[in-house]
Amino acid sequence: MKLLRHRDIPADKYTNAFLGFGPENTHCVIELTYNYGVEKYNLGTAFGYFGIAVEDLKAAVDTVKAKGGQVVSEGNLPGQTKPSAVVEDPDGYKFALIESGPVPDPFALIMLNVLDLDRAITFYEKAFGMRLVSSDSFPEEKVSIAYLGYGSDEKTTLLGLTSNHGVTEYERGNAYAQIAVGTDDVYKTAAILKEFDGKVTREPGPLPGINTKITAVLDPEGWKTVFVDNADFLEELP
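My aim in this report is to walk through the structure given alongside it, one point at a time. (Residues numbered from 1 in each chain as written. Predicted model: local features only at pLDDT ≥ 70, side-chain atom pairs only at ≥ 80, totals over all residues. Heavy atoms only, no water.)

1. Observations concerning the packing of aromatic side chains
A ring pair, where both rings are aromatic, is described by two values, the distance of the centres and the angle of the planes. Scanning all chains against the criterion turns up 11 aromatic pairs. The interplanar angle of 80° and the centroid separation of 6.4 Å between the aromatic rings of Phe47 and Tyr93 together place this pair among those described as edge-to-face. One end of the pair, Phe47, is in strand E4 (residues 47-54); the other, Tyr93, is in the loop between strand E6 (84-88) and strand E7 (94-99), with 46 residues separating them in the sequence. Among the residues examined, Tyr93 registers a relative accessible area of 18% and is labelled buried. Ring centres of Tyr124 and Phe128 lie 4.7 Å apart, and the angle between their planes is 75°; on these two criteria the pair is classed as edge-to-face. Classification of Phe128 as buried rests on a relative accessible area of 9%. Site record: aromatic cluster; members linked through ring pairs are Phe47, Phe50, Tyr93, Phe95, Phe107, Tyr176 and Trp223. Geometry around Phe18 places Arg5 over its ring, the cationic atom sitting 3.9 Å from the centre. When the ring centre of Trp223 is taken as origin, the NZ or CZ atom of Arg172, which lies over that ring, is 4.2 Å away. (Phe/Tyr/Trp six-rings, centres within 6.5 Å; stacked < 30°, edge-to-face > 60°. Helix = DSSP H or I, 4+ residues; strand = E, 2+ residues; numbered from the N terminus. Buried < 20%, exposed > 50% of the residue type's maximum accessible area, 1.4 Å probe, protein only. Lys NZ or Arg CZ within 6 Å of the ring centre and 35° of its normal.)

2. Focus: the sheet that holds strand E14 (residues 213-218)
The strand order E12-E15-E14-E13 describes an open sheet built from four strands, whose pairing is mixed. Looking at the sheet topology across the chains shown, the edges are occupied by strand E12 (179-183) and strand E13 (199-206). Direction aside, neighbouring strands of the sheet carry axes that sit 15° apart on average. As paired strands, E12 and strand E15 (residues 224-229) are joined by five bridges and run parallel to one another. Residue pairing across strands places Thr183 opposite Asp229, the latter belonging to E15. (Pairing = 2+ DSSP bridges. Axes fitted to C-alpha atoms, helices over the stretch in contact; angles between N-to-C directions.)

3. A short note on the nonpolar core
Core analysis: the biggest nonpolar cluster contains 41 residues, and Leu97, Leu112, Tyr124, Phe128 and Leu161 have the highest contact counts within it. Top element by residues in this core is helix H2 (residues 117-126). It accounts for five residues. Core analysis: the second largest hydrophobic core is formed by 11 residues, Leu109, Met111, Tyr147 and Leu158 among them. (Core = buried A, V, L, I, M, F, W, Y, C linked by side-chain atoms within 4.5 Å.)

4. Observations regarding helix H1 (residues 57-66)
Considered for burial, the residues of H1 that qualify are Leu57, Ala60, Val61 and Val64. All buried residues of H1 fall inside an arc of 95° around its axis, so they share one side. Opposite the buried face of H1, at more than 90 degrees from it, the exposed residues are Lys58 and Ala66. Elements in contact with the buried residues of H1: E4, strand E5 (70-74), E6 and E7. (Arc of directions from axis to C-beta. Contact = heavy atoms within 4.5 Å.)

These figures come from the coordinates and say nothing about function on their own.
This is the structure in structure tokens:
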């Protein structure tokens, strides 16, 4: 990934760094937040992993090892037919390296654990306007997995939802923050989210100091998503 931009907000005691495989207006990116004075986070058990498409899995794994990264496992992930490996960054976040052909954006997937897969699928279809790309159950591996997104196929960044059979509770932790999604009208989006039982935790409006309009919502499982005004967001970019 490349460092795309860096933002320091001393008044609110945090610093952001945005990294990705291409420009923010065309690619999915990771936003890293450093909160002044915080020395430890709890990752919990609810967050799954970030999925990264790589053309040469062995070379990618070797690079991670050479850079001092930790390789957690090598072999196919549950429900994943393509060769893959799981690695951890220095803070313990998991990344799944998934062997694939060339794709427009190697940032392929954000995987979250959910307790009620059918309820989650329905929410993201109706409230977010996402399309269900695929859904399947794997009894031998004791998981059911669904993939949703805004594109027509798996060559776009997808939201993955994993239901681990028999699990009745996850520890949310405080290290993973949110997903951000662009919208042309945060006010209309907030109304739709409420219509389909989304819990709006921040009413639509501009952010102090930045003036970018946003709204925030919790899905039925408690996962947070921030919707960001597309025109305002483009003005933030360098």
